[in-house]
Structures are given as structure tokens and as C-alpha cells.
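Structure assessment
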Amino acid sequence: MDAIRTYVERNRARHEQELAEWVAVPSVSATGEGMPEAAEHARLLVESSGLTPRIVETGGWPLVTGHAPGPDGSPHVVIYGHYDVQPPGPLGEWDSPPFQASIRDGRMYGRGTGDNKGQHLAQLLALRALRDQGGLPCSVTVVLDGEEEIGSPHLTDTLASLREEIDADLAVWSDGPVHDAYEPTVSLGVRGALSFEIIVRGGNTALHSGNWGNVAPNPAWELVWLLASMRGPDGRIAMRGHDAGVTPLTSQERDALRALPVDTAAVLAGAGLDRMDAYPAPDGADPADGPGYNERLALPTFSINSLSCLDGDDHRTVIPAVAVARCDMRLACGQRVKTVQDAVRAHVQAHLPHAEVRFKVGMEPSRTLPDAPFAEAVVRGVGDAAGKPALLVPAQGGSLPIAALTDGLGLPCYGIPLANVDERNHAPNENLELRRFHEGIVTAASALLSIAGAQR
Ligand SMILES: [Zn+2]
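Keep in mind that this is a model prediction, so the values were computed, not measured.

The rules behind the values
Residues numbered from 1 in each chain as written. Predicted model: local features only at pLDDT ≥ 70, side-chain atom pairs only at ≥ 80, totals over all residues. Heavy atoms only, no water. Buried < 20%, exposed > 50% of the residue type's maximum accessible area, 1.4 Å probe, protein only. Helix = DSSP H or I, 4+ residues; strand = E, 2+ residues; numbered from the N terminus. Pairing = 2+ DSSP bridges. Donors = N, O, S within 2.8 Å, 3.2 Å for Na, K, Ca; no water. Polar contact = N/O pair within 3.5 Å; in protein donor to acceptor, adjacent residues only side chain to side chain. Contact = heavy atoms within 4.5 Å. Axes fitted to C-alpha atoms, helices over the stretch in contact; angles between N-to-C directions. Domains from an automatic or database assignment. Buried area = accessible area lost by both parts, 1.4 Å probe. Salt bridge = Lys/Arg side-chain N within 4 Å of Asp/Glu carboxyl O. Nonpolar A, V, L, I, M, F, W, Y, C, P; charged D, E, K, R; others polar.

On to the pairing of strand E7 (residues 170-173). Side-chain alternation along E7 places Leu 170 and Val 172 on one buried face and Ala 171 and Trp 173 on a second face that is also buried. The pairing of strand E3 (residues 76-82) with E7 spans 4 bridges and is parallel. When the sheet's bridge partners are listed, Tyr 80 is paired in E7 with Trp 173. The sheet contact formed by E7 and strand E16 (residues 413-415) spans 3 bridges and is parallel. Looking across to E16, one finds that Val 172 is bridged to Tyr 414.

Have a look at this one:
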């Protein structure tokens, strides 16, 4: 590992330059901005890291893959990342242009620095470092998704078509931030996600509330009643069947969740909150035994993201023509997108049949158990690089298309997040602490070395 550290230290300026150049290539999958150039740039990065690159058509934005064989009999590791980024958002809120890397106070700012270019580049540079120091310890297949930020609609099918040539033993991915406590972290599971809009229509235009009140049905009231029927004030999600298949956490997972350091009061205060959301204790349990902060991040959610009447911001005394709720649900392990969609549709049909539901992104949850093959090796490798034991996060709050690897390819999957907690991904002034970028290269290399040494 000392040789790897020296290599990383020696090449700091060059690596930062490569990240800056990568950030400068826009790759907004939602709008298409820069995508063809980005796929080509990703291909070149994969190639310059010593892998045989390939652009794989998906029906949407392509996957960029790369493969390099390791020693005979060594494990075969898939490294997953994504080269697309979120749209830059309100440009006025950026302190420097989103697609022009800018270094301030030890951080590189720019769209994609943390999510995900800095993180998969660290993985690629780790491969380069290992080759430079005598060769890859494992066989490696890199998979860079071009559609993660739009829900990876083609990933599962495309990977299934590559199943035979991939034929791997495990997958690792680097995305999202390290645990709040700034400890080295290994994530085992990610929640799924389903987003949708509920649209309720009234008259063909907004109507005068004096002339039409009590006569014209009000779509905003109807929408509010419908939403209130979907989740109660005690936090219980009332849509029958939405949680079909939810697999309870194993005692090992529960222990790992409880072991994660968290100062709940401080976390809440930091977000300007003085209370937690209501969440019911399991049936029959004392409400005081309700789930704690970390456990809640492993449970299903139902959030209203926004409510609007599409009538502008001014206050007019009208009955609106249309009311819209944008919602999302995070899916716990065992839930299925299709089942949850059916439950939402059936609930709306039963309570407000003229409401329209439009489903948007759907992502399955993914789970790897703490005693799955290579788990120990990955945790050890990440801890070795940091000089202290890595935290194990059985289920992380956010969503990633990892089910394409766990369920689709049957691989145990390990997340090694490298970004700072305040990376501001998806927001203006996205950034990556450069020391974490460089340290991330060491961490990724250490994980591969540890995997190579593991009993299969
Ligand atoms: Zn993202």
C-alpha cells in the first residue's frame, strides 16, 4: 500500500487535472447535453486506465465498459459508476460555472465532481496505480452507466445481455457520501425509489370562488383528501399491499444499524428541526420502541415532494382548474416497484377514481447481507486504507440502480462512498474535497488488494 500511496502523491496534480477535464464535459442525461462527447471521454478514461474499452448501446444513452484480466483464478470484480450528471439547476446559485472545475479551499467545485465523476475516476485511477505497481490483483470489469440520473431504465436489460461475458464474483460501486460521522464506510443495501404525480382536474379553467364555491368541485380539496387517505398522521402508509414482500432486517443488519454513530438531536438541529417525523412502532410494540434514526433510513417512505395548483404564485380567490401532487416512495428491501405501483393505482382508483396517476422513475431496492461473500474482505480493505475500521451501513437511505447487479447478475455488491457529506450533489456548488479524491484512489486500490487475498 505504501507504493500506491507514493504513486497517488506523485500524481496529485495530474489526477486533479484529469478530474477537471472530466467535469468540463457536460453529460446531462435528462436533456442530452454533451452525452455523445461524454461517452467518448469515458471510453478514453477507461482505456487510459489499462482496460479494453467498449461502448455498449442500450436503446438510450450507452454504457461504457472496460475489462482487464487479473491473475488466473483471481476474483472478478465489477466496478459500477455513472458518467451522467444532474442538470446544473439554477445557474445564478453557482459561485463558479457548473461545467468548469474550480478549486477553492481544498475542494473542487463543478457538476459531477462528487456525483459521480470524481468517484469513478478514483476507482479508475486505482486500477492505473495497481498496474503501475506490478499489475491488477483481480480481473476487473468497469461499467459506467449513462442513465443513472434518469433512473437507469436500460441497465438491467443491458447487463443481462452481457451476463456471460461479465461472469463476475462481486461488484463494488462508489457513490454518495461517507457516513455523517466522517468514517470510512461500506454500504450493503440501497433503497429503491418510485416517483409519481397525482393530477386532479376540475373545471376547464380556474373559477370564481364566489360564483362557483359549493357548486364546482375543488380539485385541490379532493387531492388533499386523497393524500390524507394514503398516509396517516402516525406515519403509517395506508395503501394496502404497498409493503408486500418487505423482508424484515436480519438481527445482524439491525445490530449494524444500531452501531452506526449518530447524534439524532444534533442531526435534527442541523436541519433546523426540533422533532422527528411520526413513524409507527411495529404492531404491538411500545411506541417508545419505534425505529431510531438509522433504522428509519431502512424503512419504506411516502413523501409529498410538492403540491401545486399550476396557477401561479399570486393569491386569487378561485377554485383551481388542476391540482398536482408530486410524490415519491423509497422502497425497503423486498418491496417491488410493480407491486407498489399497483397499490398506489388501486388506492387512487378506490378513493378518487377521476384522479390521474403518472409514474416516473422506478428503481428496485438492493440488498447484500453482512455475511455475503467478500463482505469481510471489502470492509477490511476500506478500513486498512483509512487506518481505522470501516462502518457497515446495511441499508443506505438513497437509491441507486444496484439491483441490476444484485438481482440481475446475482452479485454481492459493496458501496464504497468516497465523497464528503456536504458534497451538495444534485444542488448548486456541488463539490468534492480533493483530499477525499486522492484518498479514494488509495481506498479503491486497498479494497481490490483485500478482495484478491480473500478466501472464495
Ligand atoms: Zn445523482
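This is not the end of the story, as more comes after the structure.
The next thing to look at is the coordination of the zinc ion. Taken together, the protein ligands of the zinc ion are Asp 115 (OD), Glu 149 (OE), Glu 149 (OE) and His 426 (NE2), with distances of 2.0 to 2.6 Å. Read in sequence order, the donor residues coordinating the zinc ion give the pattern D-x33-E-x276-H. Here the residue Glu 149 occupies a position in the loop between strand E6 (139-145) and helix H5 (155-161), and His 426 occupies one in the loop between E16 and strand E17 (431-433), the gap between them amounting to 277 residues.

Here we come to the side chain of Thr 368. Mapping Thr 368 onto the fold places it in the loop between strand E14 (356-363) and helix H13 (375-386). Polar side-chain contacts of Thr 368 include one of 3.0 Å to the backbone nitrogen of Cys 413. Sequence-distant contacts of Thr 368, that is, excluding residues within four places in its chain, are made with Leu 188, Thr 406, Pro 412, Cys 413 and Tyr 414.

What follows concerns unusual backbone geometry. With an omega of 15°, the peptide bond between Asp 115 and Asn 116 qualifies as cis. Here Asn 116 is to be found in helix H4 (residues 113-132). Phi at Asn 214 takes a positive value of approximately 75°, unusual for a residue other than glycine. Inspection of the secondary structure assignment puts Asn 214 in the loop between helix H7 (209-212) and helix H8 (219-230).

Reading across from one edge, E4-E5-E17 is the order of the 3 strands in this open sheet, with antiparallel pairing throughout. Single-partner strands in this sheet number two, and they are strand E4 (102-104) and E17. When strand polarity is set aside, the average angle formed by the axes of neighbouring strands in this sheet is 25°. Pairing geometry for E4 and strand E5 (residues 107-109), over 3 bridges, is antiparallel. If you follow Arg 104 over to E5, its bridge partner there is Arg 107. In this fold H4 packs onto E5 and E17, with an angle of close to 45° to the strand it touches most, E17.

Glancing now at the domain arrangement of the protein chain. Each assigned domain of the protein chain is listed here: domain 1 (2-190 + 366-452) and domain 2 (192-361). The straight-line distance from the C-alpha centre of domain 1 to that of domain 2 is 32 Å. Each partner contributes residues to the interface: domain 1 has 20 residues there, and domain 2 has 20 residues. With both sides pooled, the region where domain 1 packs onto domain 2 buries about 1,500 Å², and carbon together with sulfur makes up 59% of that total. Contact with domain 2 buries surface across domain 1, with Arg 367, Pro 394 and Ser 399 losing the most and accounting together for 35% of the total. For the pair domain 1 and domain 2, the number of links is 2 salt bridges. Summed over the shared surface of domain 1 and domain 2, the number is 5 residue pairs in polar contact (both at pLDDT 80 or more). Within the side of domain 1 that touches domain 2, the residues separate by chemical class into 10 nonpolar, 6 polar and 4 charged.

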